[in-house]
Amino acid sequence: MPFPVSCLLVLLLLLGLGLVVLELRHRLRPASPLQLLPGSFQVRRRAQGLEITGEIRIRNPHPRMEVMVPEITVVPTLLGRSDVSQVRHELHITPLHPDEEARPDGYWAAYIVKGRKTTAAHIRLNFTAPGGLDLESVLDTLWMDIHWVNYGPFGRLQRRQGILLPLQKPEPGDPSAPGWREGERCRVLPVRTHLLGVLDDPLEVLQRYTSGLLQPGDVLTIGETPLAVIQGRYHHPSTVEPSFLARLLCRVFHPTSSLATACGLQTLIDVSGPARVLGAWVVGTALKLVGSKGWFYRLAGEQARLIDDITGTTPPYDQTIVLGPDQPAAWCERMAAALGVAVAVVDVNDLGRVKVLAASGGTDEALLMRALRPNPAGNANERTPLVLVRPT
């Protein structure tokens, strides 16, 4: 065998072994199995202000590992229509352990969540304001930032998870109200909703805001990011541990890319795996040198194009990294069957770029391209994640 060919084969073998080691190190890295799952929350108007109550569950799906939760607290952030600095809050977290009584003094004692077991906690937040300030007219949304510690064989991990709770909801759209926009052989209606979050049921959201508007032949679209946050596909960058590969490779992306930060790229690595991401970059760079662009995003997995780094979404999600939605095609089919119209998940920007991530069967994608090119939903804080498209 010629010497150059032998050298090439050795290099390819070393590269392959390196990718295997890289992937194994990633998959075998220590991590906590605990999952924090939000339950239902209620908002009650009181004479003194607002009372928010609800539950969170902490689940351990691991068959053997026992993990301790020594600390947990909630940091509430209020979003309002005006200054909310005068609003005060009082927080109570009550353990609901299946085998241990809660302390009467409210102290959270370190608790062991055993393998395949679940515990819970009750959260109560009371908001009050000085006389003369009408909370009903000021407050809009509550962001509950849950800080909790996981302690076990993996070490001590500080975890953080946000839950959004709407305090006000707009009225459903009126079919006779103005707002329709004329397009190319179609009419388009941006549909205003409350700020969406993981506590929302997507079908209930669609029915609440569009049930009086839908007609046969319509196509109802939802932005990929609003659907992703409903599915809980977001996390705070403080919970991401960037690897050396992420810190190094993120520097080659354009500064405006969501992969141009170590945490943004590490999010993709966590989804696709380091070997796939590195391999996509090597192949993509080689093909780019001969004039063929875009191969990294084709090879690195669907999420490479869909991840939104911080500042890429509306507050309070602008503090988080948001992935693309999970199984959007199946979701569209379920929603279409329930609503009786076509449903699509789309990604649209102000530059006229329209991408249909998924759509129910029979959807006219050419119609969506014409209708959504002007970006009727907007990219700011319009709160119109739904857009109704009607052919004319």
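Look up: the structure comes first, before these words.
Residues numbered from 1 in each chain as written. Predicted model: local features only at pLDDT ≥ 70, side-chain atom pairs only at ≥ 80, totals over all residues. Heavy atoms only, no water.

Digging into the environment of Leu203
Phase 1: Tracing the chain through its elements places Leu203 in helix 3 (residues 202-210).
Phase 2: On the basis of relative accessible area, Leu203 is assigned to the partly exposed category, the value being 23%.
Phase 3: Sequence separation between Leu203 and Leu214 is 11 residues, and the spatial gap between their C-alpha atoms is 14 Å.
Phase 4: Once residues within four sequence positions are removed from consideration, Leu203 is found in contact with Met335, Ala338 and Leu339. (Helix = DSSP H or I, 4+ residues; strand = E, 2+ residues; numbered from the N terminus. Buried < 20%, exposed > 50% of the residue type's maximum accessible area, 1.4 Å probe, protein only. Contact = heavy atoms within 4.5 Å.)

Here's the deal with the side chain of Asp145
Phase 1: Of note, Asp145 is situated in strand 8 (residues 139-152).
Phase 2: Classification of Asp145 by relative accessible area gives buried; the value is 8%.
Phase 3: Within the local environment of Asp145, its side chain forms a polar contact with the side chain of Arg160, the two groups lying 2.7 Å apart.
Phase 4: What Asp145 contacts, discounting residues up to four positions off in sequence, is Thr73, Val74, Val75, Arg160, Gln161 and Gly162. (Polar contact = N/O pair within 3.5 Å; in protein donor to acceptor, adjacent residues only side chain to side chain.)

Examining the sheet that holds strand 15 (residues 342-348)
Phase 1: Taken in spatial order, the six strands of this open sheet run 10-11-17-12-15-16, and their pairing is mixed. Of all strands in the sheet, those bounded by a partner on one side alone are strand 10 (181-183) and strand 16 (354-359). The average angle at which neighbouring strand axes cross in this sheet is 30°, direction not considered.
Phase 2: In this structure, strand 15 lies alongside strand 16, joined through five bridges in antiparallel fashion. Opposite Ala344, over in strand 16, you have Ala359 as the bridge partner.
Phase 3: This element, helix 3, spans strand 11 (186-191), strand 12 (219-223) and strand 17 (386-391) of the sheet and lies at about 60° to strand 17.
Phase 4: Its contacts with the sheet place helix 10 (residues 328-339) against strand 12, strand 15 and strand 16, and it is angled at close to 140° to strand 15. (Pairing = 2+ DSSP bridges. Axes fitted to C-alpha atoms, helices over the stretch in contact; angles between N-to-C directions.)

Some words on the pattern of salt bridges
Note that side chains of opposite charge can pair when their charged atoms are close.
Phase 1: Applying the stated criterion to the full structure yields 12 salt bridges.
Phase 2: The partner of Asp105 in a salt bridge is Arg103, and the shortest N-O contact between them spans 2.6 Å.
Phase 3: Take Arg103: its relative accessible area is 42%, and that puts it in the partly exposed class.
Phase 4: For Asp347, the salt bridge identified is with Arg353, shortest N-O distance 3.3 Å.
Phase 5: With a relative accessible area of 34%, Arg353 lands in the partly exposed category.
Phase 6: Through salt bridges with shared partners, one network takes in Arg44, Arg46 and Glu51. (Salt bridge = Lys/Arg side-chain N within 4 Å of Asp/Glu carboxyl O.)

A look at the nonpolar core
Phase 1: Counting residues in hydrophobic clusters, the biggest one holds 33 residues, and the most contacted among them are Ile56, Leu139 and Leu142.
Phase 2: Per-element accounting of this core gives the leading share, five residues, to strand 8.
Phase 3: Those residues in contact with Ile56, other than ones at most four positions away along the chain, are Leu36, Leu37, Pro38, Gly39, Phe41, Ile72, Thr119, Ala120, Ala121, Ile123, Ile146 and Ile163.
Phase 4: If you look at the next biggest cluster of nonpolar residues, it comprises 26 residues, including Val191, Val205, Leu306 and Leu339. (Core = buried A, V, L, I, M, F, W, Y, C linked by side-chain atoms within 4.5 Å.)

Thoughts on the packing of helix 6 (residues 262-272) against helix 7 (residues 274-289)
Two measures define how a pair of helices packs: the angle their axes make with one another and the distance between the axes.
Phase 1: At a closest axis distance of 7 Å, the pairing of helix 6 and helix 7 adopts a crossing angle of 115°. Side by side, helix 6 and helix 7 meet where Leu265, Leu268, Ile269 and Ser272 of the first sit next to Pro274, Arg276 and Val277 of the second.
Phase 2: Its residues placed into classes, the contact of helix 6 with helix 7 shows five nonpolar, one polar and one charged. (Nonpolar A, V, L, I, M, F, W, Y, C, P; charged D, E, K, R; others polar.)

From the geometry alone we can't say anything about function, so treat these as descriptive.
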